[in-house]
2 protein chains.
Amino acid sequence: MKSYQELSKEELLSLKAELEKAYAEKKEKGLKLDMSRGKPSVAQLDMGMDIFDVLNSQSDMTSMEGVDVRNYGVLDGLTEAKHMMADIMGVQAENVIVYGNASLNVMYDAVSSAMTHGVMGCRPWCKLDRVKFLCPVPGYDRHFSITKHFGIEMVMIPMTPQGPDMDMVERYVETDASVKGIWCVPKYSNPQGYTYSDETVRRFANLKPAAKDFRIFWDNAYAVHHLYDEEERQDKLLEILSECEKAGNPDMVYEFASTSKISFSGAGVAAIASSKANLECIRKTLTIQTIGYDKINQLRHVRYFKDFEGIKAHMRKHAALMRPKFQAVLETLERELDGTGIGEWTNPNGGYFISFQSMEGCAKAIVAKCKEAGVTLTGAGATYPYGMDPKDSNIRIAPTYPTPEELAAATDIFVLCVKLVSIEKLLVQVWGIAA
Amino acid sequence: MKSYQELSKEELLSLKAELEKAYAEKKEKGLKLDMSRGKPSVAQLDMGMDIFDVLNSQSDMTSMEGVDVRNYGVLDGLTEAKHMMADIMGVQAENVIVYGNASLNVMYDAVSSAMTHGVMGCRPWCKLDRVKFLCPVPGYDRHFSITKHFGIEMVMIPMTPQGPDMDMVERYVETDASVKGIWCVPKYSNPQGYTYSDETVRRFANLKPAAKDFRIFWDNAYAVHHLYDEEERQDKLLEILSECEKAGNPDMVYEFASTSKISFSGAGVAAIASSKANLECIRKTLTIQTIGYDKINQLRHVRYFKDFEGIKAHMRKHAALMRPKFQAVLETLERELDGTGIGEWTNPNGGYFISFQSMEGCAKAIVAKCKEAGVTLTGAGATYPYGMDPKDSNIRIAPTYPTPEELAAATDIFVLCVKLVSIEKLLVQVWGIAA
């Protein structure tokens, strides 16, 4: 396809007229399509329904260590649940604490407790003049919401297909003691679907932080969320806890995971993995904070999935459902936008998102135009701290919830909007014609 | 029985010798009995097992409002779960937010968020020089642990059978702006089993706090936990939210409840009830903190209990199991200690505890002596802030977990220890004879 930048004024104007007609027709259909949030589809959820037959009124409710899971006791998770979550993260069970239903809550608690009580004996962050977090961008909006909520300054770090710009990360972490953390989604990142390279992970592990209480917030949300069954199309992430230990930085990472997108969103099991010293510190707060998390749900999960093979088999079923969805979006993007120079997008091997990069200054207008025609996308800017994408260019596409047919229809509208908004931009920028 | 204070030195010494022999015999048996924590018994838990047949792989997983409970969405609880929790607290569903599995965590979060972000626009507590909480004593150790954790000063308020000493409460709350909260277990209080009188509740509702952000932390943990089926033996608690509204103090209360001792401990459903303005403020934080709580477990509870009648019927079954346990303890206390003047105890109509008041300076020694003979009690002092009972006199007895037979055996040892420690005390105090 010809690059839009090479089109003449007349070509652009005639293309615009044509597209406007197509857009008006689409709009008339009054569609209601949602590509905004990374939600599992109904079919995906249906696949896990057997989990509710695992425990019934006749079940033995005793854990492998003889704990009656219906009663009080066991603060940091059933041993078998620790093993399950450890397998997902590729760590040792002794490095795991199992929580309630949402890893986001675990991250929130980690930041909140660092604010009020500090990390491992260090000064509470609320007592410091400045606290900063590094935020690889584009990234996950809910991470940024947590740091914003606590008044933590956010420093943007550009993402690359190998992970965050490590030169910048090193410079900040190693010279600025007010830098206390970095938000990472190291595997199938939100929104690009990038996986950090081995070199990136090793450079993380070998950081020499200026702040003793600097922690990497390693949100391994998509650890087993491959889209393809072939080994060579499955990203591999180096295990960071052991890398940190090797590098003499055993306490530098909090790793988070959950089964929210394995079993059920909001009714799964979350966990943290970290060094023994960190876990000891976390347990001290946990003891005050709760009487313990839902052990029955932990047992239900363990008995259903049985082992890591069970989880992987389950995720292959999810992938079979999700592949055609990603493909529906990608095919339309390729067919309609390849070579136009008005957009770039990722083609991930896993995770829940495709990241789209429009021409500068177009993302907000594209999202608004989609909305007008009944297609809801994640708000433009959401993938940046404070909701502000400095280039107004990134759009997160979440293809998991709708059907492939709905996605094809939604992506048709999306590319129409990308074209229209880009043409308007070019007419103004190159030809000086205001919309 | 003759009061021990009236016994002669010789009588005391001979009684002591006799009791020491009995104690040695008991000790030899090597019993292991636990009356330390308010845990439901296995039989109680067994009664709720049918709840696991309510949801199976064929179940409709849609809430009354058409929400797929397996997916993301619904931050503050299913409507039907709000109704269930509202009924337990006697409030309106619109005043309720449903949480995860532990009301303790909800209380912790309420204090934590007040520390870092303040209450409804007021200055965050962590920015203040002093923050104080009133603590009716004896009270619940885990309440005191939370305030201690956050460095909040605790002021002891004596309990009476009608509730906390309201003259003192009024004086503190109305004159000292650093008093930001009070811990209350208003019904079947922990550990005495007292229920606040209507007058006490009204005086609470009519407080004129010096601090705009003063809140009553109303932990209604035992709202439906009667021991007796007869109406006249069921304590009634005036509903405080509406009393506060009537008094022009609509925002003054956070009320907490859970099904931890209705369904399962650690796998139930927790909730907060408060004014709309407070809930609005809480929701703003919740939106950052979590993607929502376990809606599947909420649905499971609602479908199992059906309505408030279902909950009451279930609690009558619990009561039938618990009555003989309380009676086993009370009978032994009455038989062995009535009239001796060396101990007083409560005889509650509900809740999970009996509160025992020894002679001054004897509680720690009694608990230690029990332990030596294989009977574990809640640590003496635990019912006071910082674990320090100024009179060293209160002992919390938790009769719910052991069988009636075990309780009879444990209470036998307990009264032996009370007698022995009291005699030793009297010998020193009255007769100048050191042990």
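Shown above is the structure to which this text applies.
On a predicted model such as this, the values are computed, not experimentally measured, just so you know. (Residues numbered from 1 in each chain as written. Chains lettered and ligands numbered in written order. Predicted model: local features only at pLDDT ≥ 70, side-chain atom pairs only at ≥ 80, totals over all residues. Heavy atoms only, no water.)

Observations regarding the relation of the copies chain A and chain B
Argument step 1. Structural alignment of chain A on chain B gives an RMSD of 0.0 Å, achieved by rotating through 180° and translating 0.0 Å along the axis. Both chain copies can therefore be described as sitting about a two-fold axis.
Argument step 2. The residues that chain A uses at the interface reappear at the interface of chain B in 100% of cases, marking a shared surface. (Least-squares fit on C-alpha atoms with pLDDT ≥ 70 in both. Contact = heavy atoms within 4.5 Å.)

Side note on the side chain of Thr-116 of chain A
Argument step 1. As for its placement among the helices and strands, Thr-116 of chain A is situated in helix H5 (residues 103-117).
Argument step 2. Residue class for Thr-116 of chain A comes out buried when judged on its relative accessible area of 15%.
Argument step 3. Within the structure, Thr-116 of chain A has its side chain in polar contact with the side chain of His-117 of chain A (distance 2.8 Å).
Argument step 4. In this view, Thr-116 of chain A contacts Pro-124 and Cys-126 of chain A together with Met-115, Thr-116 and Phe-150 of chain B; residues no more than four positions away in its chain are not counted. (Helix = DSSP H or I, 4+ residues; strand = E, 2+ residues; numbered from the N terminus. Buried < 20%, exposed > 50% of the residue type's maximum accessible area, 1.4 Å probe, protein only. Polar contact = N/O pair within 3.5 Å; in protein donor to acceptor, adjacent residues only side chain to side chain.)

Details of the pairing of strand S3 (residues 132-137) of chain A
All names here are of chain A.
Argument step 1. Of all six residues in S3, six are buried, a share of seventy percent or more.
Argument step 2. Judged by which residues are buried, S3 turns out to be covered on both faces: Lys-132, Leu-134 and Pro-136 on one side and Phe-133, Cys-135 and Val-137 on the other are all buried.
Argument step 3. Looking at chain direction, S3 and strand S4 (residues 153-160) are connected through six bridges and run parallel. When the bridges of S4 are listed, Phe-133 appears paired with Met-154.
Argument step 4. In terms of handedness, the path from S3 via helix H6 (residues 141-149) over to S4 forms a crossover that is right-handed.
Argument step 5. Pairing geometry for S3 and strand S6 (residues 179-184), over three bridges, is parallel. Bridge pairing links Lys-132 to Val-179 in S6. (Pairing = 2+ DSSP bridges. Right-handed = clockwise from strand over helix to strand, strands pointing away.)

Some thoughts on the side chain of Asp-219 of chain B
Residue and element names in this part refer to chain B.
Argument step 1. Looking at where Asp-219 falls in the secondary structure, it is placed in strand S7 (residues 215-219).
Argument step 2. This buried residue, Asp-219, is left without a salt bridge; Lys-261 holds the nearest opposite charge, at 8.2 Å.
Argument step 3. Within the structure, Asp-219 has its side chain in polar contact with the side chain of His-143 (distance 2.8 Å). (Lys, Arg positive; Asp, Glu negative; His and termini not counted. Salt bridge = Lys/Arg side-chain N within 4 Å of Asp/Glu carboxyl O.)

A short note on the pairing of strand S6 (residues 179-184) of chain B
All names here are of chain B.
Argument step 1. Here S6 lies mainly inside the structure; six of its six residues are buried.
Argument step 2. By the bridge criterion, four bridges tie S6 to S7 in an arrangement that is parallel. Across the sheet, the residue bridging to Trp-183 is Phe-217, located in S7.
Argument step 3. Remark: the S6/helix H8 (residues 198-205)/S7 crossover connection has right-handed handedness.

Distances and angles like these do not, on their own, reveal function.
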